[in-house]
Amino acid sequence: MTVNLYWMQCGGCGGDTMSLLNADAPDLLDALAALDVRVLWHPSLSSASPAQHIELIECILGEELPLDIFCVEGAVVRGPTGTGLFETFAGRPKKDLVARLASKARFVVAVGTCASFGGISADCAAEACGLQFLKWEKGGFLGRDFAARSGLPVVNLPGCPCHPDVVTGTLMALVQGAQVALDAYNTPSEWYGMLVHQGCTRNEYHEYRVEERDFGEKGCLFFHMGCQGPLAHGPCNKLLWNRRNSKTRAGTPCFGCTRPGFPQEEPFFQTPNIEELPLVLPEGVDRAHYMAYKGMAAAAAPQRLKDRRTEV
Amino acid sequence: MPAAEVKASRRIEVPLNRVEGDLEIRVELQDGCVADAWSSGTLYRGIENMLVGRGSYDGLVITPRVCGICGTAHLTAAAMALDQITGASPPANGILARHLALLTEHLQSDVRHAELMFFADFVNPAYANCALHSEAVRRFAPFQGRAVVEAIKETRKVIEIIAILGGQWPHSSYMVPGGVSTVPKKNEILRCRHLLGQFRAWYEHRILGCSCARWAAIQSCADLDAWLDESLAHRAGDLGFFMRFAREASLDRIGRGHGNFLCFGQCAIPAGSAVRGPGGKSDCLVPGGFARGETVLPFDQEKVAEHVAHSWYEDYAGGRHPFDGVTRPFASGAEGRKYSWAKAPRYDGQPAETGPLAEMIVSGHPLFRDLVARGGPNVFVRELARLVRPVALFPAMEQWFAEIGPDEKFYTAPPRVEDGRGFGGTEASRGALGHWVKIAGGRIERYQIITPTAWNGSPRDSEGVRGPWEEALVGTPVKDPENPVELGHVIRSFDACLVCTVHTLEGRRALARTRI
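Residues numbered from 1 in each chain as written. Chains lettered and ligands numbered in written order. Predicted model: local features only at pLDDT ≥ 70, side-chain atom pairs only at ≥ 80, totals over all residues.

Colleague: What's the story with the overall build of chain A in this structure? I'm lost.
Modeller: When helices and strands are tallied, chain A shows eleven helices and 13 strands. In terms of overall dimensions, chain A is globule-like: its C-alpha atoms have a radius of gyration of 21 Å, near the 20 Å expected for 312 residues. When the backbone C-alpha atoms are referred to their principal axes, chain A occupies close to 70 × 45 × 30 Å. Buried residues in chain A amount to 55% of all 312 residues. Taking as baseline every contact in chain A between residues at least 6 positions apart, the subset at least 24 positions apart corresponds to 69%. (Helix = DSSP H or I, 4+ residues; strand = E, 2+ residues; numbered from the N terminus. Rg over C-alpha atoms; globule rule 2.2 N^0.38 Å. Buried ≥ 20, exposed ≤ 12 C-beta atoms within 10 Å, placed from the backbone. Contact = placed C-beta atoms within 7 Å.)

Now the structure itself:
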């Protein structure tokens, strides 16, 4: 049966769409065809005229056309002072259209950190928020009790951008009626139940606490360079980006872009420390034990790691 | 106003898709032609207010997220501004690893824009009676057309180069003051060269319908006509098809504009490199400049100023240089005069269009000089410049990949992080991009970004002069106001990217103190 999908872009950069075009095996078009998904509208890809687009929206709102999947990319812009006039569509606040379409949809999917949690825009004058979260707090634009017609809350797919395989994988699961297990932030645990740290090629350097204080080296970036790999949930180092690489493999710290609090307030590229240990430890780790463990690990570090002879 | 004139006049408002971001165009039609036009950016993100007060390197993380399609250009500008502030001198490898990712971003952007966004208009029912329409549908129908399917496949392959060099695309942050964070290995560089070669082969086969060398031999309008007639392969490529369709649709007669061209230039050539810019010069791959007619003046960032008379911001007189810019959103008041979230940047007091065509004109490309001299800037020439820009990028990229020395450094620690200000200017895929940055006490004090679309899609300035695409819309015939495909051609020929219209507030959360 044909599945109708409407994709809306709100306060964001369009990067999730650009990222989605990088999907492979299946790529975006293969996935849509295999699932018999009809894209009613995508702002970057559709060719309908403005008049046809408005007619289409009216058909959905009038329930003449079922809306199976409503994807939102970018944060919901509520500013200034709650009017939503910082982002308008056909002269009206776009946020109103978001709410109306969400109320008709079988599934609502927040693609990217902005749509999920507010992201970058949430810190700005735009008074932006995620569909069902504002940063760490449940509620967001649609409210904590919102459920789409399927009964599921907004399915959050954070990441700045969201990994394309996560988007196509989620669409496949929803369309095929598979159970999508969600964690506390309504993210599918299949991809967000793991840490960015897992699969990083610098893991051994991390293990023995061989750490870097500047760019262009092979050691771990967690202790001084601001890497959030051990804190951020996501499959970056499992799926890899563009099938090739990841930030941490390329010597760039993880910025924690899947986290509800992204972007953090503290400066990037540095790790706040107490007694030479990061203020914020890997998720769930006890400080006293970690201090003892890392002290011993550093003492046990083999010379090949200290000399940076092991490739990453 | 005479009654007859009122009757013939009609205002229409057109929300535009297949641009990045939110854009609405309002035009006044008289006797079936655009008499006046207003371009309205309908999204205010206020993105950089969060940069003020942040760590000095935070621009490297936040600004690529201004735009999902040209984040590498933002990263380049941010890193250049910080190079200046920190006194960094990146080693040649670091410079090349930056250039190669930026140029790869152009390759994907030029192709994705043309094949997915611009050519999709040829499928529009407005052309149902056009002899080439069914072929256009076969090539460019959204989600299905042969060219659409291939373009998605090939562009996602070529940007693997950016992932190899910089970890991922979009939204990488691997450029840092002093070079890049990554140390690509020999084999990875070889893979990049392979990916580039594959993309080039596809581009020559499917888009050009000839070798890059054959295309580069075209020096004039006469050469261009002869090239099209020369072989079936030339006419069958997407470029040849575009030329044939453009003739039928008279795309060379619409979208003229002011005729001012602005380019910030890109890719400084490191010492010892064999790559040469236009005219055999050894300073940069694309020079900066401001051109009008035959005159080209060198680019000087001091001549940039932004106006807000018609933008939803608190007024100030005339224009302000970005280092002194203020941005206070102001959604009500001055009704009728203010109509956009985009500011109006001006160069030496003048509006200017920017993008691949401006690059060609400022670089003195003979074919594009000839085309503009004969038919003015127009939709056809603008899109042609974008579609063939890769021709000049391939040889430079191939040479630079060959020049990267994997055993040498990619990063040199900057000598200092101290207070100061810096300008980072480059070409993003759709034109001139500048970051103006002030650091004080190890924190960002001010961050101003002027994007290509801020130039092209600007509203009127304090003198009431239209922005480039507003001007380009004037005179455009619109056959069916319900389906104004002609307006789409004009705007999309500038490769509009409205997510770029971002603005700085003076302090964090300043809006709370600003009365709206």
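Colleague: So what exactly am I meant to see when it comes to the sheet that holds strand β11 (residues 304-307) of chain B here?
Modeller: Sheet strands pair via backbone hydrogen bonds, and the direction of the pair is either parallel or antiparallel. Residues and elements named next belong to chain B. Spatially, three strands are ordered β12-β11-β13 in an open sheet, and the strand pairing comes out antiparallel. Edge strands, defined here as strands with exactly one partner in the open sheet, are β12 (319-320) and β13 (344-347). Looking at chain direction, β11 and β12 are connected through two bridges and run antiparallel. Following the sheet pairing, Glu-306 is matched in β12 by Arg-320. (Pairing = 2+ DSSP bridges.)

Colleague: I keep staring at the sheet that holds strand β14 (residues 420-428) of chain B and nothing clicks. Help me out?
Modeller: Residues and elements named next belong to chain B. Strand order in the open sheet formed by three strands is β14-β15-β16, with antiparallel pairing between adjacent strands. Across the chains shown, the open sheet's two edge strands, defined by having one partner strand only, are β14 and β16 (443-450). Put simply, the sheet's adjacent strands are angled 15 degrees from each other on average, direction ignored. Direction of pairing for β14 relative to strand β15 (residues 431-440): antiparallel, over a ladder of nine bridges. If you follow Thr-426 over to β15, its bridge partner there is Leu-433. Along the sheet, helix α3 (residues 71-86) contacts β14 and β15; its crossing angle with β14, the most-contacted strand, is approximately 150 degrees. (Axes fitted to C-alpha atoms, helices over the stretch in contact; angles between N-to-C directions.)

Colleague: What is the right way to read the interface of chain A and chain B from this model?
Modeller: A common way to express how large an interface is: the accessible area buried when the components associate. Residue-level contacts link 60 residues of chain A with 66 residues of chain B. The greatest single-element share of the side of chain A that touches chain B, amounting to five residues, is contributed by helix α1 (residues 15-20) of chain A.

Colleague: Even after reading the chapter, I still don't get the domain arrangement of chain A, so can you show me in this structure?
Modeller: Residue and element names in this part refer to chain A. Assigned domains within chain A: domain 1 (3-191) and domain 2 (194-312). Here the C-alpha centre of domain 2 lies 32 Å away from the C-alpha centre of domain 1. For the side of domain 1 that touches domain 2, a count of residues per class yields eight nonpolar, five polar and three charged. (Domains from an automatic or database assignment. Nonpolar A, V, L, I, M, F, W, Y, C, P; charged D, E, K, R; others polar.)

Colleague: For this particular structure, what's the right way to read helix α12 (residues 238-248) of chain B?
Modeller: Because the α-helix completes a turn every 3.6 residues, residues three or four places apart line up on one side. Of all eleven residues in α12(B), eight are buried, a share of seventy percent or more. One or two steps after α12(B), the chain reaches Ser250(B), where phi turns positive at roughly 55 degrees.

Colleague: Help me understand the environment of Phe133(A) in this model?
Modeller: Residue and element names in this part refer to chain A. Here Phe-133 lies in strand β9 (residues 133-134). By the C-beta count within 10 Å, which is 27 here, Phe-133 ends up buried. Setting aside its immediate chain neighbours within four residues, Phe-133 contacts Ser-116, Phe-117, Lys-138, Gly-140, Tyr-185 and Pro-260.

Colleague: What am I meant to see in the pairing of β15(B) here?
Modeller: Side chains on a regular strand alternate between the two faces of the sheet. Residues and elements named next belong to chain B. By the criterion of burial, β15 is predominantly enclosed, with eight of the ten residues buried. A loop of two residues connects β14 with β15, the two strands running antiparallel in sequence. One ladder, built from seven bridges, connects β15 with β16; its direction is antiparallel. Pairing of Gly-434 across the sheet is with Ile-450, part of β16. Counting the residues that bridge the hairpin from β15 to β16 gives two residues, and of these Gly-441 lies at a positive phi of roughly 60 degrees.

Colleague: Honestly, helix α4 (residues 92-118) of chain B in this entry has me stumped. Any pointers?
Modeller: Residue and element names in this part refer to chain B. Between the first and last C-alpha of α4 there are 37 Å, a value that for 27 residues agrees with the 39 Å anticipated at 1.5 Å per step. Along α4, the sharpest change in direction is near 25 degrees and occurs at Arg-112. Counting buried positions along α4 gives 27 out of 27 residues, so the element sits mostly inside the fold. (Expected span 1.5 Å × (residues − 1). Bend = angle between axes of the 7 residues up to and from the residue.)

Colleague: Could you clarify how one ought to interpret the pairing of strand β6 (residues 260-263) of chain B in this entry?
Modeller: Residue and element names in this part refer to chain B. Neither face of β6 is exposed, since Asn-260 and Leu-262 on one face and Phe-261 and Cys-263 on the opposite face are all buried. For β6 and strand β9 (residues 289-292), the ladder comprises four bridges, and the chain directions are antiparallel. Counted as the bridge partner of Phe-261 is Ala-291 from β9.

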